[in-house]
Amino acid sequence: MPIFIIAGLLVHCVFLASIFDIYFTSPLVHGMTPQRTPLPPPAKRLVLFVADGLRADTLYELDDNGTSLAPYLRNIIEYKGSWGVSHTHVPTESRPGHVALIAGFYEDVSAVAKGWKENPVEFDSIFNESEYTWSWGSPDILPMFAKGASGDHVYTYCYTAEKEDFGAQDATKLDTWVFDHVKNFFQAARSNQTLFSKVNEEKVVLFLHLLGIDTNGHAHRPNSREYKDNIRKVDEGINNIVSELEDFYGNDGKTAFILTSDHGMTDWGSHGAGHPSETLTPLIAWGAGVNYPQKVASQFFEDEFLKEWKLEKWKRLDVNQADIAPLMASLIGVPFPLNSVGILPLDYLNNSAHFKAESMFTNAVQILEQFKMKMTQKKETTLSFLFTPFQLLSDTEQINILRKARSYIHQEQYHEAVSLCETLISLALEGLSYYHTYDRLFLGISVVMGFVGWTSYVILLIVKTHTILYLMILVKEIKQPFASTVLLQYGFAAIGILIAFFLLIQTCPWTYYIYCLLPVPVWYAVVKEFRVIQDLVSLLLVFPLGQSIGFLVAGALGIEILVFSFFYRSTLTVGLIAFAGWPLITRLWAQAKVTTLSWTLLCLLLAMFPLMPVVGREPNISLMLSIALSTYVVNSTHSSLQHKQGLPVINQIISWTTLASSLFVPLLSPTFFFQRLLSILLSLMSSYLLLSTGYEALFPLALSGLMFAWIYMEKEALQHYGDSLKTKLAVLNFSYTTDITQFRQLHLDDIRRSFFFVFFIVTAFFGTGNIASVNSFDPASIYCFLTVFNPFIMGSLLVWKIAIPFVLVSCAFEAVQVTTQLSSKRYSKCYITAVDGMGLHFFFLVKDYGSWLDIGTSISHYVLVMVFTIFIMLLSGLAQLLTTKRIELWRRTKRHSM
């Protein structure tokens, strides 16, 4: 692999990783002292129901007849308990949602590498602080809390992973399994004295994880009958469990109940991003220590759901998801989880003002402990003259607020004490964020320096080696070598040593060395090309000013159009319509009317896809049969799942066989241009069909048609500008080795071709849906391959579906490179510069404030562009493999007559 490609991959991997160190570092600190409310708690035990994937609007709304899907829970809202909406945090996945609920903090993204199952870091939780915890439910959730608990007091009862099947059976059986096992557990406790004693202890937690709603939502969508029927089953099951527990404990009034969800779900059955349907989850609490319903004359919320839900008269108490952890801790009297950032929602408590004040004071001290530990850690790793403390919460201020709050409690001025504690919590959380992001500006400047340096180097490399300036520079270097190279080397080496020493004495993480030292060799490479910079400036000064400005404006406008397409897919439609008019502007239509008409019509056809809603000479008979078979498998699979007959084994075998052969079969065809390209299209089309659920199945066909037209248009463009290509495209062969002397220097039209390539890559990505967020994936896409939940296999299949249009565009670009007689190295530098311009733009757009949707979108856009760059480099190698290599299973031997 060329050195430039290797360097490019490494540099962009660093740029990609930097965003996780800047925005996605673990918030956890250790070494704090547990904090517990000193007064007796109102409840001896807590029952936590988590209905996985339950949307707030679906639970609270009434049907056309004015009937609730969950009549028992509706009755609790109106007569027995408190209710509200729990606002979740991105990413809206099961593991981080449960961590926020049970441990009180928002987990960093490193957990995704463990599939949201194992513990990437140790953390405290309500379960860990309890006397005993019994839990029932999914093997994906329960073990992580048992594994992280100290001692042997967290017990889990899980069904097998195979039961989490989207199609083989009714998913409500997952919840029925939980309810039945809880009932059996308490029946067994009646005759088992040891177990009976344990369940009658104080500080006991019973956790029921109910996965059926989430599974039915993925399989049938949240608006389906199956999803709503599952809610009815859960409501009925909760009613039965509450009755069972009240009977077991003799109606002692010491049981607190909480129902909530880890995340919601989009209308198309996915989650992971920040749409309100994913972040708004229900919260209903009742029982010991919980407030009764509070009637109000009026209340205001921006979402205006109250009127839809017919709950205007009952006070709605919204919380952040992490606030539920301190609420549970307060109800049963266990220490607040050490890393919790939740704020105790006092309105949910039915207790004395003294208890509320003491609980809030405990909450404030617990969060303040984290702030102090975070500040100490940062102070120890920063030079004293560089350390800037959080001014709003100095040591003196902390002592004064704590002393004053304690004084208010002693004087029974509880309202003032609570208000002061809330102020302290707010300051402590702000300070935690301050120290958590302390190095963000420093790291951001380092990454930007690396970004600008790398882009500048690539531009200079293009100018030096691929333009007419190459000969001028070569002559000058022979006549007058650049004498300052050694001085530059020593100078930049000294800078690198100073930076490394600065990081060493501050005991910075090893990744900081990479981010801060990367700009040194990059800028050395830039400054070393000082003669190129001189010649380029001289040339630009001679060049007409208007044309120079016009060229720069056109380049910037092109990059901004690509950036804009990440926010508005319709931008791609506008771009494709403009592409359709390109031959008219350049007068290519006059010399190739049929080719131009094909190009225009196919551009307009492809332009329709971004407006739709998200979500050879020899016949290739075998590949055509493969597509027909794939179409049959898709139809029969979805029919089987619709009738709840499961995934047919034969369909599964055919699907995996087709997928496995999709990259092998094209290598059997001849390497002539259109025979090989058609073979690649038909082979990959089979896999794409198996992964399609709607109109997107037609997208590769429209895209490929345009790619064929593009190849012809570029041939016509060469002839139009005088670079005649006499050989017919039909007889060109990918595998022919082209003499390097035939390759020409870079022209302005080649920059236009590079832009076309990047635009088509972006179109391939966003053409059938905005997949800049996790929630835009349709889980039904993978049902031909498996229906049992497996995040890594499902994710890999969805990534391959995304990659197929990329491969088609990359293979077509390989043909364009051969047609235009320009090496892939020269093109690669052009399109990498364009994508890096997008990446730098998105880097400045990344933010950690505003709505969770805005935060998640800004980060995902940057990550996507960086992945684009790496992906395009890798795709270039895959495209070369698919287009140039051939496997001959049966060689034909020539017979010579005597």
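Refer to the structure above for everything that follows.
Residues numbered from 1 in each chain as written. Predicted model: local features only at pLDDT ≥ 70, side-chain atom pairs only at ≥ 80, totals over all residues. Heavy atoms only, no water.

*Asks:* Explain the environment of Met612 here, please?
*Replies:* Within the secondary structure layout, Met612 lies in the loop between α26 (593–606) and α27 (621–642). Separated by 43 residues in the primary sequence, Met612 and Arg569 have C-alpha atoms spaced 9.4 Å apart. In contact with Met612, other than residues within four places in its own chain, are Arg569 and Tyr695. (Helix = DSSP H or I, 4+ residues; strand = E, 2+ residues; numbered from the N terminus. Contact = heavy atoms within 4.5 Å.)

*Asks:* Teacher, can you tell me more about the sheet that holds strand β7 (residues 280–287) here?
*Replies:* Strands pair in a sheet through their backbones, by hydrogen bonds, and they do so in one of two ways: parallel or antiparallel. Strands sit in the order β4-β3-β5-β1-β6-β7-β2-β8 across an open sheet of eight strands; the sheet is mixed. At either end of the open sheet lies a strand with only one pairing partner, and these are β4 (154–158) and β8 (319–320). Where strand β6 (residues 255–260) and β7 come together, five bridges link them in antiparallel fashion. Within β7, the position partnered with Ala256 by the bridge is Gly287. Those strands touched by helix α7 (residues 172–191) are β3 (132–137), β4 and β5 (204–210), and its axis lies near 155 degrees from that of β5. (Pairing = 2+ DSSP bridges. Axes fitted to C-alpha atoms, helices over the stretch in contact; angles between N-to-C directions.)

*Asks:* Would you take a moment to explain the pairing of β7 for this structure?
*Replies:* On a regular strand, one side chain projects to one face of the sheet and the next to the other, so that they alternate. Burial within β7 is extensive, with seven of its eight residues counted as buried. As paired elements, strand β2 (residues 82–87) and β7 share six bridges and run antiparallel to each other. Note that in β7 the partner of Val85 across the bridge is Pro282. (Buried < 20%, exposed > 50% of the residue type's maximum accessible area, 1.4 Å probe, protein only.)

*Asks:* Can you walk me through the packing of aromatic side chains in this structure?
*Replies:* Given two aromatic rings, one states the distance between the centres and the angle between the planes to describe the pair. One pass over the full model with this rule turns up 61 aromatic pairs. When the centroid spacing of 5.7 Å and the interplanar angle of 20 degrees are considered together, the rings of Trp134 and Tyr155 count as stacked. Placement of Trp134 in strand β3 and of Tyr155 in strand β4 is noted, with a sequence separation of 21 residues between them. Their ring planes at 75 degrees and their centres at 6.5 Å tell us that Trp599 and Phe760 sit as a pair that is edge-to-face. Classification of Phe760 by relative accessible area gives buried; the value is 0%. (Phe/Tyr/Trp six-rings, centres within 6.5 Å; stacked < 30°, edge-to-face > 60°.)

*Asks:* Sorry, what's going on with unusual backbone geometry here?
*Replies:* A negative phi holds for most residues other than glycine; trans holds for most peptide bonds. The backbone of Asn251 shows a phi angle near 50 degrees, a positive value even though the residue is not glycine. Here Asn251 is to be found in the loop between α10 (225–248) and β6. With a phi angle near 60 degrees, Lys310 is a residue other than glycine that sits in the positive phi range. Turning to its location among the elements, Lys310 is positioned in the loop between α12 (305–309) and β8. By relative accessible area, Lys310 is classed as partly exposed at 47%.

*Asks:* Help me understand the state of the cysteines, please; the structure alone is not making it clear to me.
*Replies:* Formally, a disulfide is one covalent bond, and it connects the sulfur atom of one cysteine to the sulfur atom of another. Overall, the coordinates contain zero disulfides when judged by the stated rule. Between Cys516, a cysteine without a disulfide, and Cys508, which holds the nearest cysteine sulfur, the sulfur-to-sulfur distance is 7.3 Å. By relative accessible area, Cys516 is classed as buried at 7%. (Disulfide = S-S within 2.5 Å.)

*Asks:* What exactly am I supposed to notice about the packing of helix α14 (residues 353–380) against helix α16 (residues 414–436) here?
*Replies:* When two helices pack together, you describe them by how their axes are tilted relative to each other and by the distance separating the axes. Packing of α14 against α16 leaves a shortest axis separation of 8 Å and a crossing angle of 20 degrees. When the interaxial angle is binned, α14 and α16 end up roughly parallel. Relative to α16, α14 is oriented so that their crossing is left-handed. (Parallel < 35°, antiparallel > 145°, perpendicular 65-115°, else oblique. Left-handed = near helix turned anticlockwise from the far one by under 90°.)

*Asks:* Hey, could you run me through the pattern of salt bridges in this one?
*Replies:* Once their charged atoms are close, side chains differing in charge can pair, the charge on each being opposite to the other. Under the definition given, this model contains 18 salt bridges. With a closest N to O distance of 3.1 Å, Arg190 and Asp247 form a salt bridge. Of the two residues, Arg190 sits in helix α7 while Asp247 sits in helix α10, which places them 57 residues apart along the sequence. Between Glu369 and Lys372 there is a salt bridge; the shortest N-O distance is 3.9 Å. In this pair, Glu369 and Lys372 are both assigned in helix α14, three residues apart and thus about one turn of the helix distant. A network of salt bridges, in which partner residues are shared, links Glu714, Asp749, Asp750, Arg752 and Arg753. (Salt bridge = Lys/Arg side-chain N within 4 Å of Asp/Glu carboxyl O.)

*Asks:* Whenever I open this one, the nonpolar core confuses me. Can you help?
*Replies:* Nonpolar side chains tend to gather and get buried jointly when the protein is soluble and globular. Core analysis: the biggest nonpolar cluster contains 118 residues, and Phe15, Phe566, Trp599, Leu706, Trp710, Phe760 and Tyr862 have the highest contact counts within it. With 70 residues, the next largest nonpolar core counts Ile102, Ile258, Tyr348 and Phe387 among its residues. (Core = buried A, V, L, I, M, F, W, Y, C linked by side-chain atoms within 4.5 Å.)

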